[in-house]
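This is what each chain is made of:
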Amino acid sequence: MGKMRSSSISYFNFSSYSTSVALFASLYSIYFVLISANVNGFDSVIQLPTSASVRNTTRKSETLFDVGDFGAIGDGITDDTNSFKDAWDKACSSASRSKIVIPGGYSFLVRPLNFAGPCRSKVSLRIAGTILAPKDLEVWDGLNPRKWLYFRSMKHLTIEGGGTINGMGQEWWARSCKVNKTNPCQHAPTALTFHRCNNLKVRNIEILNSQQMHLAFTDCKHVAVSHLAVLAPADSPNTDGIHISSSTQINIKDCTIGTGDDCISIVGNSSRIKVRNIVCGPGHGISIGSLGKSNSMSQVYNVHVNGASISNTENGVRIKTWQGGTGFVRKITFESVWMENVSNPIIIDQYYCDSLLPCSNKTSNIRIDSISFVGIKGTSATEKAITVACSDSCPCRKLYLEDVQLTSFSGDPITSFCWEAYGSSSGLNYPPPCFSCNDSILQPTVLSNWSQSI
């Protein structure tokens, strides 16, 4: 058996501690009132430009393709799928740079649609209006149930414009086995899926009420995401905000995400991920994983989360793996994150088991090392503010805590819990770290100097 240690404090002299966090907390108090009000009402705290205020960025060499010119009605009732497909085919085959315009003031009903590349030249979508998914689940009969708006094999694609993509997911959620265990478990569509896309920009749009995940990147490279509002009710099942799988050089910043699952999830063989200035809540926080399910192999490395406000979520920053998997998670830094009423502000869980049946103990697991938590502050909704539960056979190594300052949301005592966790700490930390022993002193992971303009 591995060594288990916990750090429990029934009382604490807050005189020195309160001085260090009072200013930080006061600056965020008003901010989180605004966040809570906005998330509950599904209004974004990021002010997306309206269709009237979106700048006309048409270049002289750019050809416009308005979906209205291809027969789209935009009344929210008429099926406009073929008009969108025809506009895409024309734009994608154009020898010059092209822009597809979805005009403001209209709602376009669109069935599942593949936007296939590669295209002859650069393509952009200016979404100023609203794109609606069908409410009827039977529309997907005979089709891939995971897809709604599906982009593949694209290079130099830009999606922007201040408009809205609405997945109309209420009927899907009602039939989910996560909501009603008597229902069969089945896949549901992702609102926006990008597969094998390079040099991609997604910015200044709103994505609402996806049937399952809102925005997914698979086998993508050089992706810039900014100024998105991604929102769904807190009880909507599996509605991840932004999902990254087998992708590299992904830059996400200045987004508001409130859903029923992870605000951001990073899985598969993904690397060189930067996340900056994220408002998250409700949901399950910012997660790496789950990894290693069904004895699979995963590698996630060089991830830097710098600047996030996480409120009223199940988790804060999390790494989760199944027993039996192989691979590694390393060189991960969570930095400058504010928590407000978060159930598990910091958690590493190598015994993850999202199953109706108990998961059996296995000797192998994903290896976790070189993980830094720096400047994590705020309030915990539960007693265990820090949980680091690592594998008996693959203990977590080179963990690092610096200036982690968490208190109880309710004023009760809080603790930290460790199992087979090895690392070091510096600065003022509360609750105190519970590592079994100190590894060599680490510094937070800093990614190599690469950037993606957004």
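The residue numbers shown here count from 1 along each chain, following its written sequence. Where local features are concerned, this predicted model is filtered to residues with pLDDT of at least 70; where side-chain atom pairs are given and counted, the filter is 80 or more; whole-chain, interface and lining totals use all residues. The basis for the side-chain values is all heavy atoms of the structure; hydrogens and waters are excluded.

1. Let's talk about the overall build of the protein
- Where helices and strands are cited, they refer to DSSP runs of H or I of at least four residues and of E of at least two residues respectively, numbered from the N terminus. For the protein, the count of helices and strands is three helices and 30 strands.
- In the protein, which comprises 454 residues, the share counted as buried stands at 56%.
- Taking all contacts inside the protein whose residues are at least 6 apart in sequence as the whole, residues at least 24 apart take part in 77%.
- In these tables, accessible area is a Shrake-Rupley quantity obtained with a 1.4 Å probe, and a residue counts as shielded only by the protein chains included in the view. A total accessible area of about 19,100 Å² is found for the protein, and carbon and sulfur atoms account for 49% of it. Exposure is judged per residue with a 1.4 Å probe applied to protein chains only, and the accessible area is read against the type maximum: over 50% gives exposed, under 20% gives buried, and values in between give partly exposed. It only takes one pair of heavy atoms within 4.5 Å for two residues to be counted as in contact.

2. Some details on the confidence of the model for the protein
- In predicted models, pLDDT denotes the confidence assigned by the predictor to each residue on a 0 to 100 scale. Confidence along the protein averages 87 in pLDDT terms, with 83% of residues attaining 70 or more.
- Between residues 1-56, whose pLDDT stays under 50, and residues either more than four places distant or in other chains, the model counts 101 contacts.

3. Topic: the state of the cysteines
- The disulfide criterion used throughout: a pair of cysteine sulfur atoms within 2.5 Å. Tallied over the full model, the rule gives six disulfides.
- The residue that forms a disulfide with Cys 353 is Cys 359, at a sulfur-sulfur distance of 2.0 Å. Handedness of the Cys 353-Cys 359 disulfide follows from its S-S torsion of about 85 degrees: it is right-handed.
- Of the residues examined, Cys 359 reaches a relative accessible area of 32% and is grouped as partly exposed.
- Between the sulfur of Cys 390 and that of Cys 396 lies a disulfide, 2.0 Å long from S to S.

4. Considerations on the packing of aromatic side chains
- Any Phe, Tyr or Trp ring, taking Trp's six-membered ring, that has another such ring centre within 6.5 Å forms a pair; planes under 30 degrees apart are called stacked, those over 60 apart edge-to-face, and the others tilted. Tallying each qualifying case throughout the model produces 12 aromatic pairs.
- On the numbers, 6.0 Å between centres and 80 degrees between planes, the contact of Trp 88 with Phe 151 is edge-to-face. Of the two residues, Trp 88 sits in helix 2 (residues 81-93) while Phe 151 sits in strand 9 (residues 147-152), which places them 63 residues apart along the sequence. Pair check on accessibility: Trp 88 and Phe 151 agree, each one buried.
- Between Phe 115 and Phe 151, the ring centres sit 4.4 Å apart and the planes meet at 10 degrees, which makes this aromatic pair stacked. Taken together, the positions of Phe 115 in strand 6 (residues 113-116) and Phe 151 in strand 9 put the pair 36 residues apart, joining distant regions of the chain.
- Under the relative-accessibility criterion, Phe 151 is labelled buried at 2%.
- Chaining the aromatic ring pairs together yields one cluster made of Trp 88, Phe 115, Phe 151, Phe 194 and Phe 217.
- The ring of Phe 417 has Lys 384 sitting right over it, with the charged end atom 4.6 Å from the ring centre. A ring is scored as having a charge over it whenever the NZ atom of a lysine or the CZ atom of an arginine sits within 6 Å of its centre and within 35 degrees of its normal.

5. Side note on the UniProt feature "active site" (unreviewed entry) in the protein
- UniProt positions are given in the numbering used here, feature names are shortened, and annotations may be inferred rather than shown by experiment. The UniProt feature table records "active site" (unreviewed entry) at His 284.
- The topology assignment puts His 284 in the loop between strand 19 (270-280) and strand 20 (286-291).
- The contacts of His 284, once residues within four sequence positions are left out, are Gly 260, Asp 261, Asp 262, Glu 314, Asn 315 and Arg 318.

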